[in-house]
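Below, each chain spelled out in residue letters.
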Amino acid sequence: MTARGFAHNLRLHLLAGAVVASFAVVAARLVELHVLDREHYLSQIQDARHRVVADPARRGDILDARGDLLATTRTDLTLAIDPWALPEKIAAQKFAARQAAFETEQRAARAALADLLGLPAATVEAAYAPAWKDVPVTEDNADDAADGRVRMRYVKLLEGVTEEQFARIQALRLPGKKDPVRIAGLTHERRFRRIYPHGELAAHVLGYVNKEDVPSGGVEAFADPYLKGLAGWREIERDGKRVELAQFRQREVPAADGWGVVLSIDCAVQHIAEQEMSALVAKFDPAKATIIVSDARTGFLLALANHPTFDLNKFGTTPLEKQRNIAAADLIEPGSTFKIVPLAAALNEGLVTPASKFDCSLESMVYNGKPRRFMRDDHRYDHPLSLGEVISRSSNIGTAQIGMMLGDRRLYDYARSFGYGERSGFPLGREEPGLLADPARWSGIDITRIPAGYSIAATPLQIHYGMGVIASGGHLLRPQVIRQVLDASGEPIYSFRPAVRRTVLAPATAEAMARMLQKVASPDGTAKVAALPGFEIAGKTGTAQKLIDGRYSERHHVGSFVGFFPASRPRVVISVIVDDGHPPGGGTAYGSVVAAPSFRRVAEQLVQYLDIKPVAAPGATLAALAAEGGRR
Amino acid sequence: MHTRTTRAFATQIVLGSLVALGAGGGLGFAIVDLRHDISVSANTARVLDQRIAETERRVAEIGGLVATGQSPEALEQRNQTLALGLVPPAEGRVVRVGVSVTDRLAANRKAEIFAAETGQNLVPVRFNLGGASR
């Protein structure tokens, strides 16, 4: 008998063959799956499990000069219902008793959901009513029957649900239950939403981002390249329950959040301006009005308030008319506020001195060989007026004579130098260039009208920065509103510097003008109500008749007061422009009536807020005053 | 022992297969375990990401609420609701002083402290100089 191993030869061979064959079968199947049918299965996986998920970037914040949030981004949720999910889940319960219990639990959960969302229970129940949607038969592949209708799987329940509300929904527990209840068919979609914590404050400066994430107007639109950030994306795989399989994340490009923007607008100054605007509107009921406050030395805007205005969080219900930034987009005749241009020009050219006298009792004067009739003054003067009196009493006749001394071309050139007739470069609000015709197109009487601020048109911003030329010592400054750009971690990456557009006047001329403009707010001037004792208010009133149907109206006026203080070392420039105000008890809406009081009240509050020191009385030194500047 | 016979060869195949199965199985288990660990780690990272995002969302929401609560309009409303009677500072209510503020505050404080002692509850002190009596 031959010796045998641990198994019979034949059986051993069979076993070995079976093992080898098994391995061969497994290997063949592996080759089939991984090599031959690879593309087929990969495409199935791609379709079923593979997704490219967008990762939206968070829009940067807009901050005021002191770091208060003016615009920020938060998430909110849109809740929706899949009405068919409830009957499907009820049907999935095995026993009738379980079905009844599940139905009862879900009904209670829906009632609690309605309560949490502040909706009537009937609204939630209505969203759960199964409904059908008609579709072309060729596209009806969502359910078994190609009958031209599919189940409606998405019914929007509520938009704008806060994270806090949603957390409470997720933690919703029914009485007697330990675990939170899952509300059948409730789905949510999370998205970024822009909010404006201060509502109406600085609405025309900020602009807004609409529901399609498109910025509209203001800083939101201008600084969009900084603010919007860069959306990211990632490729993911999901399991059968649509939960991401994090280990299969393939490629990922993280979102880069938007940069922050710091404005020169100061919330407190803006609030002062808007509060004054509310008081002004309540008293005079104007068609439009603007209050502008800027830093006299840098040109940066501190506040810009318009009437009418709107709540940034309710932009959808605001007419477009109210959304227009009238400070930059509307044209008005500047009236007497323009008189600073010919006077400063004549001083700068050495044609006149502050002591020069003008006969303001004349009715006409010969210019270019022809007699030109002056616009009438409100008062008759029995003595020649000095240059200072011409401006403090706002004499049309005196200003026209100075305009004639300058001549068409020089008057025009200076007006352009002061920023009239060209865009200032203000980045917000579709700025208009204004109207200032070339002297070649002037009519015969324009030389008497233009020096008084008629026959030209300007935006409130142009008028404001025109006055800023004198406040800044002779420079036309660029209107700016953005101070800094911050990266996502809040570190400054770019700072905007004050920008001088051009030098218009010699410093001595600007100083002489400032001294003369102080007299406007003196007891002899047109705006004594603008005076603030101890603070050297310099400014100019303006009252322009409105051109209605081709004729200057006697009843509709644009009243304004544009000025700065303290005159000897200007800190702020303030403009108050009131279009078609109605003084109580009737009367003309003079700038001294409708605008100058507002100027004084704004200035009075700015003295406190910006800690502007009073100017020393004659004999006292500024240094001593600064040392004594404490308050009780 | 026969090492070159057919049977021995078959034995070696069977043994080799068993060893390969064992090794392959062990390796498979190790790989499965490794992949499980990777999956757990990835899911933990994902959950942490979600929690960070959730926290950031809450921070942004609370930041917005704080900013709304601190807006000048809201503060004014609160001033009215709580009847605090706060008013904006106005130049007319400010007294600017021409002396050292520190000295002035000290003088005011001293005046407050000693004001009580100048009241009517004090008994006038009479000094009898040199023991003389009146």
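Residues numbered from 1 in each chain as written. Chains lettered and ligands numbered in written order. Predicted model: local features only at pLDDT ≥ 70, side-chain atom pairs only at ≥ 80, totals over all residues.

**A few points about the interface of chain B and chain A**
Note on interface size: it is often stated as the accessible area lost on association of the parts. With 34 residues of chain B at the interface, the matching set in chain A holds 36 residues. Going through the elements one at a time, α1 (6-69) and α2 (72-81) of chain B are the ones with two or more residues in the side of chain B that touches chain A. If one sorts the elements of the side of chain B that touches chain A by residue count, α1 of chain B sits on top with 20 residues. Here the side of chain B that touches chain A is composed, by residue class, of 16 nonpolar, 10 polar and eight charged. (Contact = placed C-beta atoms within 7 Å. Helix = DSSP H or I, 4+ residues; strand = E, 2+ residues; numbered from the N terminus. Nonpolar A, V, L, I, M, F, W, Y, C, P; charged D, E, K, R; others polar.)

**Overview of the nonpolar core**
Residues and elements named next belong to chain A. Formed by 139 residues in total, the largest nonpolar core has its most connected members in L206, L263 and M513. Residues within four places of L263 in sequence aside, it is in contact with I62, L63, D64, A65, L70, V219, V481, I482 and R483. By size, the runner-up hydrophobic cluster in this structure holds 14 residues, among which are L79, L86, Y128 and I169. (Core = buried A, V, L, I, M, F, W, Y, C linked by C-beta atoms within 7 Å. Buried ≥ 20, exposed ≤ 12 C-beta atoms within 10 Å, placed from the backbone.)

**A few points about the packing of helix α13 (residues 340-348) of chain A against helix α19 (residues 507-518) of chain A**
All names here are of chain A. Between α13 and α19, the least distance of the axes is 9 Å, while the angle of their chain directions is 135°. Comparing the axis directions of α13 and α19 gives the class oblique. Relative to α19, α13 is oriented so that their crossing is right-handed. Residues I340, L343, A344, L347 and N348 of α13 pack against T509, A512 and M513 of α19. Looking at the contact of α13 with α19 residue by residue, the classes come out as six nonpolar, two polar and no charged. (Axes fitted to C-alpha atoms, helices over the stretch in contact; angles between N-to-C directions. Parallel < 35°, antiparallel > 145°, perpendicular 65-115°, else oblique. Left-handed = near helix turned anticlockwise from the far one by under 90°.)

**Quick notes on the pairing of strand β13 (residues 288-295) of chain A**
Looking along a regular strand, one sees side chains alternate from face to face of the sheet. All names here are of chain A. Of all the eight residues making up β13, eight are buried; the element is thus mostly covered by neighbouring parts of the structure. Residues K288, T290, I292 and S294 point to one face of β13 and A289, I291, V293 and D295 to the other, with burial holding for every one of them. Sheet analysis places β13 next to strand β25 (residues 572-579), joined by eight bridges and oriented antiparallel. Of the residues in β25, the one forming a bridge with V293 is I574. Pairing geometry for β13 and strand β14 (residues 301-307), over six bridges, is antiparallel. By the bridge assignment, I291 is partnered in β14 with A305. Linking β13 to β14, which pair antiparallel, is a turn of five residues; within it G299 sits at a positive phi near 85°. (Pairing = 2+ DSSP bridges.)

**Comments concerning the confidence of the model for chain B**
Looking at chain B as a whole, its pLDDT mean stands at 83, while 83% of the residues score no less than 70. α2 of chain B holds the highest mean pLDDT among the elements of chain B, 90, whereas helix α3 (residues 101-115) of chain B holds the lowest, 85. (pLDDT = per-residue confidence, 0-100.)

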